[in-house]
Amino acid sequence: MRRRRAAVAAGFCASFLLGSVLNVLFAPGSEPPRPGQSPGPSPDPGPGRRGGRGELARQIRARYEEVQRYSRGGPGPGAGRPERRRLMDLAPGGPGLQRPRPPRARPLPDGAPGWPPAPGPGSPGPGSSGPGPRLGCAALRNVSGAQYVGSGYTKAVYRVRLPGGVAVALKAVDFSGHDLGSCVREFGARRGCYRLAAHKLLKEMVLLERLRHPNVLQLYGYCYQDSEDIPDTLTTITELGAPVEMIQLLQTSWEDRFRICLSLGRLLHHLAHSPLGSVTLLDFRPRQFVLVDGELKVTDLDDARVEETPCTGSADCTLEFPARNFTLPCSAQGWCEAMNEKRNLYNAYRFFFTYLLPHSAPPSLRPLLDSIVNATGELTWGVDETLAQLEKVLHLYRSGQYLQNSTEAGRAEYQHLPGSTIPQEDYRCWPSYHHGSCLLSVFNLAEAVDICESHAQCQAFVVTNQTTWTGRQLVFFKTGWSHVVPDPSKTTYVRASG
């Protein structure tokens, strides 16, 4: 009886969570408006508090114009400095990780604009290989497996499964988040504050579309819908990725860690030369990125800036970081030279490169990797040179040119046993692709022999038909070969006696 009650309670809780998510995010609504479609008149203003309705309307207007600017093209003239607020400066343990709940609406303040036009033709839906229609509200009516993933300063993220079985991420304004809550406390106008917060989500949606790249999360679609008593709430549908957990990454193979750094280098190069101009990520932390099939992708763009910092002299061009500051030159046109690019690059150094690049790398590649880490840490290179050096490392590693010359003198002989494997007799090594055994990638058979010779406990190794992202073969290293069994997909090499 007790077990049955527990099962019923668990089922009730799961149903309640799913129903709540569907109520907040997936209420039936209209499809996204056509580009250029008028959003309609704003509701009557509600009562304001400290700051006044006019200030709230001014902030909404400013965000509206920013989204419009990014929708049309690059930065406009007279753009100001990047905002001082950084999400990384917020005290931990704030309200940003609470689950969102439906709000009570208040009218939009006077003078606030409606929604900007939707972006143009976008990324294909999940599983598509070419251009195709966006996913809209209809795709969200029969989702399953809704799971709350987490929240930040402004947005809440959910994981759902579409009717075809594909898992996607959904983003919406977090009704319990810091952004909406602080605005309501100041202005007392929940509907207008929702509109203010939602323009950050809309900005991110536009930037995901304009900055399309293999290392930018794919935008699959979006939906405007009525949720509770707030009309036209916005939900975006994006590619689903795994969170970047640095502790776990430090335990993975160097090859996978290098792939993340290479992905980041390619992303920063794209941002520095984007169609909008040089884009900087004001909130640059691992949690702003996800991993999709081993590739690093930026997912959070609502705090991105395109405009370079205006200046009258180099004193206006100071990049400030917790550990050190940098002063950049002021150009004759009155802009700090490459400040967006350099901000991204130093953040890549301090959050990724310094931890992931050098450790457990092949010895012959370490001098080049140290040069990359040092140059990005001192900002002596730009993103172009940094990417060129990362691509050079990839070429040396993928081609086998990194292998140091070794003579066959003194090597043991190995007996070749095709179509066989050793199911047990494992030992652990680090870094390994498998925590319970020693599974490493090799360029060729000679490298596998060298690795086995360098491990005192290695007496045999098994070459699999699996390869890594660079095309290298995965090999299990073993302590013996007392039990060899047939396996047509593997080849075993055992150390010859004597």
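Residue numbering note: each chain is counted from 1, following its sequence as written. Note on the predicted model: pLDDT of at least 70 is required for a residue's local features to be given, and 80 or more for side-chain atom pairs to be given and counted; whole-chain, interface and lining totals, by contrast, use all residues. Only hydrogens and water are set aside when side-chain values are computed; all heavy atoms of the structure are taken into account.

By the naming in an unreviewed UniProt entry, the protein is Extracellular tyrosine-protein kinase PKDCC, taken from Balaenoptera musculus.

Caption draft 1: Local environment of the state of the cysteines. Pairs of cysteine sulfur atoms within 2.5 Å are what we label disulfides. Summed over the entire model, instances satisfying the criterion amount to 6 disulfides. Bridging Cys-429 to Cys-438, the disulfide has an S-S length of 2.0 Å. What sets the handedness of the Cys-429 and Cys-438 disulfide is the S-S torsion sign, and at about 95° it is right-handed. Burial status follows relative accessibility: with a 1.4 Å probe on protein chains alone, a residue under 20% of its type maximum counts as buried, one over 50% as exposed, and anything between as partly exposed. With a relative accessible area of 18%, Cys-429 lands in the buried category. A disulfide bridge connects Cys-452 with Cys-458, and the sulfur atoms are separated by 2.0 Å. Sign of the S-S torsion, about -100° for the bond between Cys-452 and Cys-458, identifies this disulfide as left-handed. Its relative accessible area of 0% is what places Cys-452 among the buried residues. Going through the protein in sequence order and numbering each bonded cysteine, the pairs you get are 1-4, 2-3, 5-7, 6-8, 9-10, 11-12.

Caption draft 2: Fine view of the sheet that holds strand E2 (residues 155–161). Here, a strand pair is defined by DSSP locating no fewer than two bridges between the strands. Counting from the N terminus, the helices are the DSSP runs of H or I reaching at least four residues and the strands are the DSSP runs of E reaching at least two. Strands sit in the order E1-E2-E3-E5-E4 across an open sheet of 5 strands; the sheet is antiparallel. One side of each edge strand has no neighbouring strand; the edge strands of this open sheet are strand E1 (144–151) and strand E4 (219–227). The sheet shows a mean angle of 25° between the axes of neighbouring strands, taken without regard to direction. Pairing geometry for E4 and strand E5 (residues 230–238), over 7 bridges, is antiparallel. The residue of E5 that forms the bridge with Tyr-222 is Thr-236. For helices, the axis comes from a line fit to the C-alpha atoms of the stretch in contact; other axes are also lines fit to C-alpha atoms, and the angle between any two N-to-C directions lies between 0 and 180 degrees.

Caption draft 3: Region of the structure containing helix H10 (residues 445–454). What H10 keeps buried is the set Glu-447, Ala-448, Val-449, Ile-451 and Cys-452. The elements touched by buried residues of H10 are strand E13 (414–421), strand E14 (438–442), strand E15 (460–467), strand E16 (473–478) and strand E17 (485–495). Its side-chain oxygen 3.3 Å from the backbone nitrogen of Ala-446, Asn-444 forms the N-cap of H10. Should any heavy atoms of two residues lie within 4.5 Å, those residues are considered in contact. For the purposes of these results, a polar contact is taken to be a pair of N or O atoms within 3.5 Å, where, inside protein, one atom must be able to donate a hydrogen and its partner to accept one; residues adjacent in sequence count only when each atom of the pair is a side-chain atom.

Caption draft 4: Broad picture of the packing of aromatic side chains. Pairing of aromatic rings covers Phe, Tyr and the six-membered ring of Trp, with a centre-to-centre limit of 6.5 Å; geometry is then stacked below 30 degrees between planes, edge-to-face above 60, and tilted otherwise. Applying the stated rule across the entire model yields 17 aromatic pairs. Ring centres 6.4 Å apart and planes at 75° place the aromatic pair Phe-284 and Phe-352 in the edge-to-face group. Separated by 68 residues along the polypeptide, Phe-284 in the loop between strand E7 (280–281) and strand E8 (289–292) and Phe-352 in helix H7 (residues 339–356) bring together distant segments of the chain. Ring centres of Phe-461 and Phe-477 lie 5.9 Å apart, and the angle between their planes is 45°; on these two criteria the pair is classed as tilted. Here Phe-461, found in strand E15, pairs with Phe-477, found in strand E16; they are 16 residues apart in sequence, far enough to count as distant. Take Phe-461 and Phe-477: they sit in the same class, and that class is buried.

Caption draft 5: Here's a closer look at the layout of surface pockets. A 1.4 Å probe that fits but cannot get out identifies a cavity on a 1 Å grid over protein atoms alone, an open set with protein on both sides within 12 Å along at least five of seven lines counts as a pocket, and a residue lines either if it has an atom within 4 Å of a point. Grid points are joined across faces, edges and corners, and a volume is the space filled by probe spheres set on the points. Roughly 740 Å³ of volume is contained in the second largest pocket. Along the walls of the second largest pocket sit 30 residues, with Pro-362, Pro-363, Tyr-402, Glu-447 and Ile-451 positioned nearest its centre. Taken together, the elements giving at least two residues each to the lining of the second largest pocket come down to helix H6 (254–272), E14 and H10. When residues in the lining of the second largest pocket are grouped by element, the largest group, 5 residues, is from H10. We call Asp, Glu, Lys and Arg charged. Ala, Val, Leu, Ile, Met, Phe, Trp, Tyr, Cys and Pro are nonpolar, and the rest, Gly among them, are polar. In terms of residue class, the lining of the second largest pocket is made up of 14 nonpolar, 10 polar and 6 charged. Domain start and stop positions are those given by an automatic or database domain assignment. Counting the residues that make up the lining of the second largest pocket, at least three belong to each of domain 2 (242–401) and domain 3 (412–493).

Caption draft 6: How the structure looks around the sheet that holds E15. Here we have 5 strands laid out as an open sheet, ordered E13-E17-E15-E16-E14, and antiparallel in their pairing. If you trace the sheet from one side to the other, it starts and ends with E13 and E14, each paired once. Neighbouring strand axes in the sheet, compared pairwise and without regard to direction, differ in orientation by 30° on average. Of the pairings in the sheet, the one linking E14 to E16 comprises 5 bridges and is antiparallel in character. Within the sheet, the bridge partner assigned to Val-442 lies in E16 and is Gln-473.

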